[in-house]
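Each chain is listed here by its residues.
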Amino acid sequence: MLPNIPLLGFAAYSGTGKTTLLEALLPKLTQRGLRVGALKHAHHDFDIDKPGKDSYRLRKAGANQMVIASHLRYAKITETPENEAEFATLLQQFDIEHLDIILVEGCKNIAFPKIELHRESVGKPWLYPHDDSIIAVASDQPLSATSHQLTYLNINDIDAIATFVTEYVKPQVSAPLEKQKQSGSCDTEHQHQSLSVNAAIKRITDSLTPVSGTESVPLNHAQHRTISDVVTSSINVPAFCNSAMDGYAIRSADIEHTEFKVVANVLAGHHYSECIQSGQAVKIMTGAPLPEGADTVIMREQAQEENGMVRFPNAAIKAGQNVRQPGEDLQIGQTVFESGQQIGSAELGMLAALGLDSVNVKRRLKVAVFSTGDEVFEPGNHPSAHGLFDANRYSLKGLLTRLHCDVLDMGILPDNLAVITDSLTDMAKHVDLIVTSGGVSVGDADFVKQAMESTGQVNFWRINMRPGRPLAFGRIKDTPIFGLPGNPVAAMVSFINFVEPAVYKMQGDLTWQPLKTQAKAVEKMRSRQGRTEFSRGIYTVNPQGQLTVSTTGHQGSGLLHSMSQANCLIEIAEQVDTIKPGEYVTIIPLQGRI
């Protein structure tokens, strides 16, 4: 999250004189009473410390973070060899309570308000035609007529630039800019405005509630189901005092003894019925109950047994070691799982350890899947000369099946508003969720949105993403419906981002979080600022143990084969337009999802 303080960048190509201009600008700003923070992004390695100084020596000795202070100033130096610090993280280092504005030199591929610096002699192209976050241009060359909305400043008139910055900081200027920034980034209520991916996900999940209805299922069929009722333990786990390893049980009062008589050999599932006496030991296996009187176990590897006697010559024995106490894992009445916990392998084992052979779970979600379009044909049939086989319905059924839904395949709907409306209305009576593909853009035959509007409610938006910008989400009567794009890759990417979290929410799984991680790019990747880009990618682990990622190649939204080649989606955030080789980018692993 960016700090709540005016930010203003100075973006330019190398050689334009960013630092020289800021060096001249800062005194004029401070003379006007502004408290200024400055952030400079360097594209090369740098060190602000000097070899031989104490702080330098301590860093080189291994200090990951180093703070050096005097009566005049202090500085914090943080080593980031694995991951370059994110823009928001750098900004959070500032004490904004004592600043009026932060000026940023560089970071031109990140979306926040900037002044472009341009000198004709440098010979570089303009930045502003490709960066909507540029609000002014300081140049020695006039702007074209198409850039009339930008403020023009003479790059050599430092006083004029200082006046612009001062006015920018004033509340009556910064507040509209902040409002504009918020509405443009994600969450306007106007249905034709584009939403960010995160805002769309939140709007979808906030509108949904878990389905009602539960059932009891045998433990053997409970994998991946969602627990509906709180599970409490009716027993102590473990139920009795037992050995944590193979060894010898003794009394802690006898620790100082040098030799013990072995009076029994107890396997797991059996017990020694006598009370152990002073100087006695019981050979015991992991999980077997401790004999009465014994409270300490010495592991077998530290023992020397001969002629019915055992010694522990090299063991450092502590009273109570290697013993599991009753209820050490769980006690009677203790909550084991809350409602909403998805059952995985560990949860199955825990339920079995409680002696349960069945568990109450949320019922499965019933989901109807349609494809739409006169151009779409069922595989195995003969399409027209301009037709294509229905890939989307099969991809979507596969995705829903992996989410453990009961899927109803409803086939292909023609480009006929009445047929689409009647089919969706009828199916809404029988299922929890409807998922369609196609018919949600602005074409003459895009009838899904119209059907939603006439029979229920529609929250229709364009998402600031590629692929998958058109998306319809709303309700047919009371049944939620997703109208996904018709392009195969766009449909799958939209499903992963929007339908998947919706399904988990409706299934009552309150523990689910999308799996995302960082990988180092091995090639240059580009996006357009203001939208989130999802590319198909292949991640691997390099010899240094780092995740690296590259694209599958051409990223057309109709290239379904690329989804089968990919093992991740590469997510380039909406404020970034370029990822350079060696920089880190977010990836969404696809194993187990598609």
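Rules behind the numbers
- Sequence order sets the numbering: in each chain, residues are counted from 1 along the sequence as written.
- Where local features are concerned, this predicted model is filtered to residues with pLDDT of at least 70; where side-chain atom pairs are given and counted, the filter is 80 or more; whole-chain, interface and lining totals use all residues.
- Think of the side-chain values as coming from all heavy atoms in the structure, minus any hydrogens and water.
- Secondary structure is summarised from DSSP: a helix means a run of H or I of at least four residues, a strand means a run of E of at least two, and numbering begins at the N terminus for each.
- Taken over C-alpha atoms, the radius of gyration is set against a globule rule of 2.2 Å times the number of residues to the power 0.38.
- A 1.4 Å probe rolled over the protein chains alone gives each residue an accessible area, and that area as a share of the maximum for its type sets the label: buried under 20%, exposed over 50%, partly exposed in between.
- Contacts are assigned to residue pairs that have any heavy atoms within 4.5 Å of one another.
- We get accessible surface area from the Shrake-Rupley algorithm with a probe of 1.4 Å; when it comes to residues, only the shown protein chains can shield them.
- His is not counted, nor are the chain ends; Lys and Arg add positive charge and Asp and Glu add negative charge.
- Taken as the charge centre is NZ of Lys, CZ of Arg, CG of Asp or CD of Glu, depending on the residue.
- A fitted line through C-alpha atoms represents every axis, and for helices the fit uses only the stretch in contact; the resulting angles, taken between N-to-C directions, go from 0 to 180 degrees.
- Our angle categories are set so that under 35 degrees counts as roughly parallel, over 145 as roughly antiparallel, 65 to 115 as roughly perpendicular, and the remainder as oblique.
- Note: crossing handedness is left-handed where the near helix turns anticlockwise from the far helix by less than a right angle, and right-handed where it turns clockwise.
- Ten residues, namely Ala, Val, Leu, Ile, Met, Phe, Trp, Tyr, Cys and Pro, are considered nonpolar, four, namely Asp, Glu, Lys and Arg, are considered charged, and the remaining ones, Gly among them, are considered polar.
- Domain start and end points were adopted from an automatic or database domain assignment.
- By definition, the buried area sums, over both parts, the 1.4 Å-probe accessible area that each loses when the two are put together.
- Each salt bridge in this description consists of a side-chain nitrogen of Lys or Arg and a carboxyl oxygen of Asp or Glu lying within 4 Å of one another.
- Any pair of nitrogen or oxygen atoms within 3.5 Å is treated as a polar contact; in protein, a donor-acceptor pairing is required on top of that, and neighbouring residues in sequence qualify only through side-chain atoms on both sides.
- Only rings of Phe, Tyr and Trp enter the pairing, Trp through its six-membered ring, and a pair is recorded when the two centres are within 6.5 Å. The plane angle decides the type: under 30 degrees is stacked, over 60 is edge-to-face, the rest tilted.
- Any Lys NZ or Arg CZ found within 6 Å of a ring centre and within 35 degrees of that ring's normal is scored as a charge over the ring.
- Grouping buried Ala, Val, Leu, Ile, Met, Phe, Trp, Tyr and Cys residues that are joined through side-chain atoms within 4.5 Å yields what is termed a nonpolar core.
- Note: two strands are recorded as paired if DSSP finds a minimum of 2 bridges between them.

**What about the overall build of the protein chain?**
Reasoning step 1: The secondary structure content of the protein chain amounts to 12 helices and 37 strands.
Reasoning step 2: By the compact-globule yardstick of 25 Å for 594 residues, the protein chain is too spread out, its C-alpha radius of gyration being 33 Å.
Reasoning step 3: Along the first, second and third principal axes, the C-alpha atoms of the protein chain reach 100 × 80 × 45 Å.
Reasoning step 4: Across the 594 residues in the protein chain, those meeting the buried criterion constitute 45%.
Reasoning step 5: Sequence separation of 24 or more characterises 67% of the internal contacts of the protein chain that already satisfy a separation of 6 or more.
Reasoning step 6: Here the protein chain has roughly 30400 Å² of accessible surface; of this, 50% comes from carbon and sulfur atoms.
Reasoning step 7: Side chains of the protein chain carry 53 positive and 64 negative charges; the gap between the two charge centres is 5 Å.

**So, the packing of helix H6 (residues 197-206) against helix H11 (residues 488-506)**
Reasoning step 1: Relative orientation of the contacting elements H6 and H11 amounts to 30°, with a least axis distance of 9 Å. When the axes of H6 and H11 are compared, the pair comes out roughly parallel. With respect to the hand of their crossing, H6 and H11 are arranged in right-handed fashion. Contacts from Val197, Ala200, Ile201, Ile204 and Thr205 of H6 reach H11 at Asn497, Phe498, Pro501, Ala502 and Lys505.
Reasoning step 2: Of the residues that constitute the contact of H6 with H11, the class distribution is 7 nonpolar, 2 polar and 1 charged.

**A few points about the domain arrangement of the protein chain**
One frequently used descriptor of interface size is the decrease in accessible area upon assembly of the parts.
Reasoning step 1: Structurally, the protein chain comprises domain 1 (7-169), domain 2 (217-236 + 330-362), domain 3 (242-324), domain 4 (366-507) and domain 5 (517-589).
Reasoning step 2: If you average the C-alpha positions of domain 1 and of domain 5, the two centres end up 28 Å apart.
Reasoning step 3: Across the contact, 11 residues belong to domain 1 and 10 residues belong to domain 5.
Reasoning step 4: For the pairing of domain 1 and domain 5, the buried interface totals around 810 Å² over both sides, and the portion due to carbon and sulfur atoms is 36%.
Reasoning step 5: Where domain 1 packs against domain 5, one counts 0 salt bridges.
Reasoning step 6: Counting across the domain 1 and domain 5 interface gives 0 residue pairs in polar contact (both at pLDDT 80 or more).
Reasoning step 7: Class assignment of the residues belonging to the side of domain 1 that touches domain 5 gives a composition of 2 nonpolar, 4 polar and 5 charged.

**Points about the packing of aromatic side chains**
Reasoning step 1: Overall, the coordinates contain 6 aromatic pairs when judged by the stated rule.
Reasoning step 2: Seen in terms of ring centroids, Phe260 and Phe312 are 5.7 Å apart; in terms of plane orientation they differ by 50°. Their pairing is tilted. Taken as a pair, Phe260 in strand E14 (residues 260-266) and Phe312 in the loop between strand E18 (309-311) and strand E19 (323-324) lie far apart in primary sequence, 52 residues in all.
Reasoning step 3: Residue classification places Phe312 among the buried residues on the basis of a relative accessible area of 9%.
Reasoning step 4: Taking NZ or CZ as reference, Lys397 lies 4.3 Å from the ring centre of Tyr394, over its face.

**Concerning the environment of Ile463**
Reasoning step 1: The residue Ile463 is located in strand E27 (residues 456-463) in this model.
Reasoning step 2: Other than its neighbours up to four places away in sequence, Ile463 contacts Leu195, Ser196, Val197, Ala200, Gly468, Arg469, Leu471 and Phe498.

**Comments concerning the environment of Thr19**
Reasoning step 1: Position of Thr19 among the secondary structure elements: in helix H1 (residues 18-31).
Reasoning step 2: A sequence separation of 21 residues divides Thr19 from Lys40, and the C-alpha atoms of the two residues are 8.9 Å apart.
Reasoning step 3: Residues contacting Thr19, with those up to four places away along its chain left out, are Lys40 and Glu105.

**Describing the nonpolar core**
The nonpolar side chains of a soluble globular protein tend to be buried with one another.
Reasoning step 1: Counting residues in each nonpolar core, the largest one holds 40 residues, and the members touching the most others are Phe482, Leu484, Phe495, Phe498 and Val503.
Reasoning step 2: Broken down by secondary-structure element, the contributors of at least two residues to this core are H6, strand E22 (366-372), helix H8 (392-402), strand E26 (433-437), strand E29 (470-476), strand E30 (479-484) and H11.
Reasoning step 3: Among the elements that make up this core, the one with the highest residue count is H11 (11 residues).
Reasoning step 4: Two domains share this core, each providing at least three of its residues, namely domain 4 (366-507) and domain 5 (517-589).
Reasoning step 5: Setting aside anything within four residues of it in sequence, one finds Phe482 in contact with Ile204, Leu433, Ile434, Val435, Thr436, Leu471, Ala472, Phe473, Phe498, Val499 and Ala502.

**With respect to the sheet that holds strand E6 (residues 114-118)**
Reasoning step 1: With parallel pairing, 6 strands are arranged side by side in an open sheet as E2-E5-E1-E6-E7-E8. At either end of the open sheet lies a strand with only one pairing partner, and these are strand E2 (36-40) and strand E8 (151-154). Ignoring which end each strand starts from, the neighbouring axes of this sheet average 20° apart.
Reasoning step 2: Contacting strand E1 (7-11), E2, strand E5 (101-105) and E6, H1 crosses the sheet at an angle of about 165° to E5.

**Topic: the pattern of salt bridges**
Reasoning step 1: Tallying each qualifying case throughout the model produces 17 salt bridges.
Reasoning step 2: Residue Arg393 is joined to Asp390 by a salt bridge in which the shortest nitrogen-to-oxygen separation is 2.4 Å.
Reasoning step 3: Salt bridges sharing common partners tie together Glu378, Asp390, Arg393, Lys397 and Asp409.

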